[in-house]
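Chain by chain, the residues:
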Amino acid sequence: MSASNKDRIYLSPPHMGGTEQDFVKQAFDSNFIAPLGPQVNGFEQDFSKMSGLAHCAALSSGTAALHLALRILGVEKDDVVLASSLTFIGSVTPVKFLGAEPCFIDSDYKSWNMDPDLLAQAVDYYISIGKKPKVVIPTDLYGQCADYDRILEILKPHGIPLVVDAAESVGAMYKGEHAGKHALMAAYSFNGNKIITTSGGGLLASDNKEYIDRARWLSQQAKEPLPHYEHKELGYNYRMSNVVAAIGRGQLEVLKDRVERKREVFDYYKKALEDCPGISFMPEADYGKCNRWLTVMLIDENKFGASPDQIRIALEKENIESRPVWKPMHMQPLFKDCKFFGGKVSEDLFTRGLCLPSGTAMSKTDLDRTVESIKICRK
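The notes below deal with the structure included here. Note that the structure is a prediction, hence the values are computed from the model and not measured.

1. A closer look at the packing of aromatic side chains
Any pair of aromatic rings gets described here by the distance separating the centres and the angle formed by the planes.
Then, in step 1: Under the criterion given, the structure shown has 14 aromatic pairs.
Then, in step 2: Ring centres of Tyr142 and Trp293 lie 6.2 Å apart, and the angle between their planes is 25°; this geometry places the pair in the stacked category. With Tyr142 in the loop between strand E4 (135-137) and helix H6 (148-155) and Trp293 in the loop between strand E11 (288-289) and strand E12 (295-299), this residue pair connects regions lying 151 residues apart in the sequence.
Then, in step 3: Since its relative accessible area comes to 0%, Tyr142 is described here as buried.

2. A word on the pattern of salt bridges
Then, in step 1: Following the criterion strictly, the structure yields 24 salt bridges and no others.
Then, in step 2: With a closest N to O distance of 2.6 Å, Lys289 and Glu260 form a salt bridge. Of this pair, Lys289 sits in strand E11 while Glu260 sits in helix H9 (residues 255-273), and the two are 29 residues apart along the sequence.
Then, in step 3: The class of Lys289 is partly exposed, set by a relative accessible area of 32%.
Then, in step 4: Using a relative accessible area of 34% as the deciding quantity, one classes Glu260 as partly exposed.
Then, in step 5: A single salt-bridge network, built from bridges that share partners, covers Glu44, Lys209, Asp213, Arg216 and Arg239.

3. Structural notes on the side chain of His178
Then, in step 1: Examined against the element boundaries, His178 turns out to sit in strand E7 (residues 177-178).
Then, in step 2: Owing to a relative accessible area of 4%, His178 belongs among the buried residues under this scheme.
Then, in step 3: Polar side-chain contacts of His178 include one of 2.9 Å to the backbone nitrogen of Gly171.
Then, in step 4: Discounting chain neighbours no more than four positions away, the residues touching His178 are Phe47, Met50, Ser51, Ser169, Val170, Gly171, Ala172, Met173 and Tyr188.

4. Remarks on the nonpolar core
As a rule of thumb, soluble globular proteins bury nonpolar side chains together.
Then, in step 1: With 65 residues, the main nonpolar core has Leu82, Ile105, Leu119, Tyr142, Leu155, Tyr188 and Phe190 as its most contacted residues.
Then, in step 2: With six residues, helix H5 (residues 116-128) is the single largest residue contributor to this core.
Then, in step 3: Leave out the neighbours within four places in its chain, and Phe190 touches Phe43, Phe47, Val170, Ile196, Thr197, Thr198, Ser199, Gly200, Gly201, Gly202, Leu203 and Met240.
Then, in step 4: Counting 33 residues, the second-largest nonpolar core is a separate cluster that includes Leu66, Val92, Phe104 and Ala222.

5. Some thoughts on unusual backbone geometry
Then, in step 1: Its identity is not glycine, yet Trp112 carries a phi of approximately 70°, on the positive side.
Then, in step 2: Residues other than glycine seldom take positive phi values, yet Gln221 does so here, at roughly 70°.
Then, in step 3: For Gln221, a relative accessible area of 38% gives the class partly exposed.

Criteria and cut-off values
- Residues numbered from 1 in each chain as written.
- Predicted model: local features only at pLDDT ≥ 70, side-chain atom pairs only at ≥ 80, totals over all residues.
- Heavy atoms only, no water.
- Phe/Tyr/Trp six-rings, centres within 6.5 Å; stacked < 30°, edge-to-face > 60°.
- Helix = DSSP H or I, 4+ residues; strand = E, 2+ residues; numbered from the N terminus.
- Buried < 20%, exposed > 50% of the residue type's maximum accessible area, 1.4 Å probe, protein only.
- Salt bridge = Lys/Arg side-chain N within 4 Å of Asp/Glu carboxyl O.
- Polar contact = N/O pair within 3.5 Å; in protein donor to acceptor, adjacent residues only side chain to side chain.
- Contact = heavy atoms within 4.5 Å.
- Core = buried A, V, L, I, M, F, W, Y, C linked by side-chain atoms within 4.5 Å.

As structure tokens, then:
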């Protein structure tokens, strides 16, 4: 069978649980098709119960959630925001939306997340020049929590708030609590490729009710409580729709199963490939449980005999989707003038890393096909 006739194996496709259509039918039956409605309220309550975070605002994207968090914390022109370099750009564009200055912090090899020692250097540097960072945003990379407590040890003496980009870590755990729980606010994503999806959407969560009340207000165009439309502040059209929230309610019901399946997929790849010279996998930090949103392997080209890009191209010829690790933000042309601390670890992970198909509906046949396609690349 030619590759063109083989079914496409996608990187991380949606996987419905079965009850999503029931919730969507409720939305249609109630005629709450426009933004807001009972399903949005229900989704926020369901997420709060699952995560342990007291207050949630369901929004149009994870990027919107981060934008609102920074706005609520008063980030403005020329402020400094420290962020992970190894991340998706949606983590840091909200900094630029507000005219602030991002500074990028490298990863460590233990977790692939923000290196606390480099963060401490950056905080000390900016305080020494009289420019205390306004916020710190670590990304929970590929479903693994950053070391929140270690980061908070650095930030608390200076009163710098922690906002976690937990877009990739829904269902992951840090010291027995859900991803983002230790932060002042946390942003989540339910994009189509995430561990659970609402097709597109996000959420901002916090134990601080005032922050989430303000996020809701700002996300609905900051309309004053008057019968006519009156606006004293700039707001946004960032609320989640009732239909989208209905999908999310069904997805939350199967989150635990999805995390376990993602971890099984990771374990399968690791067992099948770790004996190949030059191949290793993203570690799991000892402080938490990664949701393994994507299985990521590292390739030593000299030992394995093929580069990550050669493997990616070979997989594509077999109609199998894979993807390079995020290109670090400090390497992006858009941020060429931004300061960064470290850089070598994230650059190395980008150079050697490849994200493998990690869908929770993958069959053993799909996994074996992917594994064999990788092994064939070995010279």
